[in-house]
Amino acid sequence: MVREPTTAPSRRGKIVMLVENGVRGDSRVQKEARSAADAGWDVVLLGKSPDRKAKSWKLGEARVRLLPVPTPLHRRRHEYRRAVLRAPLAYPPGPLAEYRKQRMKAWRAELNLRVIETGRSGSAIARSRLLPTRLLSRGMGRWVRLRARHTAALERRRKDMDTPLDRFTTAFWVRAMGERAWRRLDPGLWDLELAYGKVIDSLDPDLIHANDFRMLGVGARAKLRAEAKGRSVKLVWDAHEFLPGIKPWNPHPRWHVAQCAHEREHAKYADAVTTVSDTLARMLADHHGLGELPEVVLNAPEATVPEERAAEPVPGLRELCGIGPLVPLAVYSGSAAPQRGLDIMIEALPQLPGTHVAFVVPRGNSPYMQSLRKRAVALAVQDRVHILPYVPHDQVVRHLAEADVGVIPIHHWPNHEIALITKFFEYSHARLPLVVSDVRTMGAMVRETGQGEVFTAEDTADYVRAVTAVLAAPRRYRDAYERPGLLADWTWEAQAAVLDGVYSRLTGGARPRVGERMAPVTP
């Protein structure tokens, strides 16, 4: 799409968008910011700097700022204290244990050198004088190692927090403080507030768009501060997931409890809620007692992009894999984690001779991706596994279109059951035959449209069956995309209109009449 307004749109109000990431890998927030700016809003998108250095750039007409977020509160208060009763031999929290271990090693090294020097001099008396010191160092070394082991064990217990006392204290704070318990259970949420809060206030927004549950509190508190100064600021909460049903990405046992309490406390301040599926909208309304059903804004790809971006070269998927056009290629694009089920694509390769797989992921060297590499080596299929970096979000569809199969092998988790996820729409616009696990919403859609095969999640044999069927008759599945209207609503342009309607309703800002010339970009 070439966006060339015939008349300059007037600014309709200022929107500050909040997200807890570095923006570049988040297609949804990038599209939200750009499309809102194109529709006449003054948009500032605030994200979290990955290296604690402030950064800024333009995203179309939207301004992007990445903020440094110091995290001194990510450790809970008790982690800074000595556990005199629980672990009396442990060193105090901090670097002292490692310092003492290293200091003892240095002492032993020095004594060994002195023994060698006395041996060269041939003095038995000098050697005998060193004996008490050597015995002392040996005893001290054992004592330091003992205390270091106790220190390490205490740190593990503090991370696991699975003792009866730990469970009691967690339950106590939840019972005593209710939805405010996150202040005790995960004080690190204040680090976000302290980094973003003053910046939001200085921007004087008319509307705050908070992406997901951790930014909800930041947006709500900014709204309350503005109201205390006599300014009306509207808050849109963009809920990407059903928080009680996620697999926590932080293993600390208090983390999920704290996030749920934080969300419950601040959900009531949202003037409007948007989300990613009808099912999730109903769940959020029931869970939080919302006055109205959230609007659904799918994370669909742009059907058209500005001409200057469309002209940019798109990395060739097959070229990056080093394979020709006739080699069978299955692709997975998106975040990589065990619950995403990528391991099944490796396990199946010995039963899919000649087929290659490409993983287009944000962190190719993550521990999970390294484990997949090791498994591929163990199965002797490493030459058919390709781990590739993300491309800009407006190139994803064209990048993926060179594959033969788009794979979504996610496991059964509550959030996986209730929505059509981003990669589903990206694969669809690339017109790829799909192979998806039998999660409820996505499996039902694929069965209805005929655009792919559904397999039993975590069942390698059934996955092999599905991939084999798709590779044997790809035209049958690609033809499903010729169904009139199938892809029409699965575009960001349609979703941006919904989001713009939410903004307009809350602020009273009329939609501008802007003439545009459109240039479609095809896969």
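Residues numbered from 1 in each chain as written. Predicted model: local features only at pLDDT ≥ 70, side-chain atom pairs only at ≥ 80, totals over all residues. Heavy atoms only, no water.

1. Side note on the pairing of strand β9 (residues 329-333)
Moving on, step 1. Across the five residues that make up β9, a large majority, five, are buried.
Moving on, step 2. Here β9 shows a buried face lined by Leu329, Val331 and Ser333 and a second buried face lined by Ala330 and Tyr332.
Moving on, step 3. Pairing of β9 with strand β10 (residues 356-360), which is carried by five bridges, proceeds in the parallel orientation. Each residue of the ladder has a partner; that of Ser333, found in β10, is Val360. (Buried < 20%, exposed > 50% of the residue type's maximum accessible area, 1.4 Å probe, protein only. Helix = DSSP H or I, 4+ residues; strand = E, 2+ residues; numbered from the N terminus. Pairing = 2+ DSSP bridges.)

2. Concerning the nonpolar core
Moving on, step 1. Judged by nonpolar contacts, the single largest core of 65 residues is most densely connected at Val331, Met345, Phe359, Phe424, Met442, Tyr463 and Trp490.
Moving on, step 2. Considering every element that reaches this core, the biggest residue donor is helix α18 (residues 460-472), with five residues.
Moving on, step 3. Core analysis: the second largest hydrophobic core is formed by 41 residues, Val69, Val199, Ala239 and Ala285 among them. (Core = buried A, V, L, I, M, F, W, Y, C linked by side-chain atoms within 4.5 Å.)

3. Some remarks on the packing of helix α1 (residues 27-38) against helix α20 (residues 492-507)
Moving on, step 1. In the contact formed by α1 and α20, the axes pass within 10 Å of each other and the chain directions differ by 70 degrees. Taken together, the axis directions place α1 and α20 in an arrangement best described as roughly perpendicular. Crossing hand, α1 versus α20: right-handed. Counting all contacts with α1, which are made through Lys31, Glu32, Ser35 and Ala36, the residues of α20 involved are Trp492, Ala496, Leu499 and Tyr503.
Moving on, step 2. Taken together, the residues that form the contact of α1 with α20 break down as five nonpolar, one polar and two charged. (Axes fitted to C-alpha atoms, helices over the stretch in contact; angles between N-to-C directions. Parallel < 35°, antiparallel > 145°, perpendicular 65-115°, else oblique. Left-handed = near helix turned anticlockwise from the far one by under 90°. Contact = heavy atoms within 4.5 Å. Nonpolar A, V, L, I, M, F, W, Y, C, P; charged D, E, K, R; others polar.)

4. Considering the confidence of the model for the chain
Moving on, step 1. Residues at a pLDDT of 70 or more form 94% of the chain, whose mean pLDDT is 90.
Moving on, step 2. Note that residues 1-10 has pLDDT below 50 and, in this model, 36 contacts with residues that lie over four places away or in other chains. (pLDDT = per-residue confidence, 0-100.)

5. Details of the packing of aromatic side chains
Moving on, step 1. Evaluation of the coordinates by the stated rule reveals 11 aromatic pairs.
Moving on, step 2. Seen from their ring centres, Phe424 and Trp490 are 5.3 Å apart, and the 70 degrees between their planes marks the pair as edge-to-face. Of this pair, Phe424 sits in helix α16 (residues 422-429) while Trp490 sits in the loop between α19 (474-478) and α20, and the two are 66 residues apart along the sequence. In this pair, the class of Phe424 matches that of Trp490, namely buried.
Moving on, step 3. Each residue in the set Phe168, Phe172 and Trp173 is aromatic and connected to the rest through ring pairs, giving one cluster.
Moving on, step 4. If you follow Arg24 out to its NZ or CZ, it ends over the ring of Trp57, 3.8 Å from the centre.
Moving on, step 5. A cation sits over an aromatic face here: Arg147 above Tyr91, 4.0 Å from the ring centre. (Phe/Tyr/Trp six-rings, centres within 6.5 Å; stacked < 30°, edge-to-face > 60°. Lys NZ or Arg CZ within 6 Å of the ring centre and 35° of its normal.)

6. Structural notes on the side chain of Arg12
Moving on, step 1. Positionally, Arg12 belongs in the segment before β1 (14-18).
Moving on, step 2. The exposure class assigned to Arg12 is buried, which follows from its relative accessible area of 12%.

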